[in-house]
Amino acid sequence: MHEVNAVTTNEQCDVCGFIWDEIQAGQISALLSSATGQLCELLIAQGDRVARRPEPERWSSLEYAAHLRDVYLSIRDRMVVACVELEPTLPPLYREERVAFGFYELDTVDDMVTELTTAATLFNKVFTQMPDGLRERRMPFAFPVAATRTLSWIASQVYHEAFHHLGDVRVNGELLSA
Ligand SMILES: [Zn+2]
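In what follows, the accompanying structure is described. (Residues numbered from 1 in each chain as written. Predicted model: local features only at pLDDT ≥ 70, side-chain atom pairs only at ≥ 80, totals over all residues. Heavy atoms only, no water.)

Now for the pattern of salt bridges. Evaluated as defined, the whole model comprises 8 salt bridges. Across the pair aspartate 70 and arginine 69 runs a salt bridge whose closest N-O atoms are separated by 3.0 Å. In terms of burial, aspartate 70 and arginine 69 fall into one category: buried. The residue aspartate 70 makes a salt bridge to arginine 98 at a minimum N-O spacing of 3.3 Å. Remark: arginine 98 occurs in helix α3 (residues 95–101) and aspartate 70 occurs in helix α2 (residues 61–84); sequence separation between them is 28 residues. (Salt bridge = Lys/Arg side-chain N within 4 Å of Asp/Glu carboxyl O. Buried < 20%, exposed > 50% of the residue type's maximum accessible area, 1.4 Å probe, protein only. Helix = DSSP H or I, 4+ residues; strand = E, 2+ residues; numbered from the N terminus.)

This is the structure:
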C-alpha cells in the first residue's frame, strides 16, 4: 500500500486561508459550480485585461482559468482511475509546462467560459455519483505536501483550486485597474 505521510489536521493554505478539512463531500458540487460561475463572470467583466499578466510572477486571468479547467479535467480522470485501481500511478499535472504545451495563448473568454463550465460539470458528475466506499480510497497527491489522500480530500482540493484562483483573478482585476 502507499505510505501515508503524517499530515496535520486542519491544514490551511498559506495564501488564501482555505482549510481542506472544513469542506464536506456533499457540499462540493454546489460550491464548485458557484465558484466557477463567479470566475466566468469576472473573466467577462475584465474585458481586454483578461489576457494581461499584471506582474511578471502572476498569470493572466485567462491563464488562471485555463489552469483551473485543466485541474478539473486532470483530477476527474485521476479519480476514475483510482475507482478501478487500488494503487494507481498517476501522472503529474505539470502546471507550468501546460501553459505552453496546452496552448493557453489560444484561449479566448468565450471558449473558456464554455470549457470551464463543462469541465466543472464533468468533475461534479464523477464525484457526486461516487459511492461512499470509493470516496475513502486513497491516492498519492503532491500538494500541499506529498501524501496519500482520500478522494474526498482531493475533491476538497479541487474546490480549493477554484476558491484560490478566483481570488487570483480578483486580484488581477484590481492590479490592472489601478
Ligand atoms: Zn489557497
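We are not done yet, so read on.
This part covers the coordination of the zinc ion. Here the zinc ion is held by the protein donor atoms Cys13 (SG), Cys16 (SG), His160 (NE2) and His164 (ND1), which lie 2.0 to 2.3 Å from it. Taken together, the 4 donor atoms surrounding the zinc ion define angles of 103 to 118 degrees at the centre, an arrangement classified as tetrahedral. In the primary sequence, the donor residues of the zinc ion line up as C-x2-C-x143-H-x3-H. On the criterion of sequence distance, the pair formed by cysteine 13 in the segment before α1 (28–46) and histidine 164 in helix α6 (residues 151–177) is long-range, its members being 151 residues apart. Under the relative-accessibility criterion, cysteine 13 is labelled buried at 9%. (Donors = N, O, S within 2.8 Å, 3.2 Å for Na, K, Ca; no water. Tetrahedral: all angles 85-135°; square planar, octahedral: opposite > 155°, others 65-115°.)

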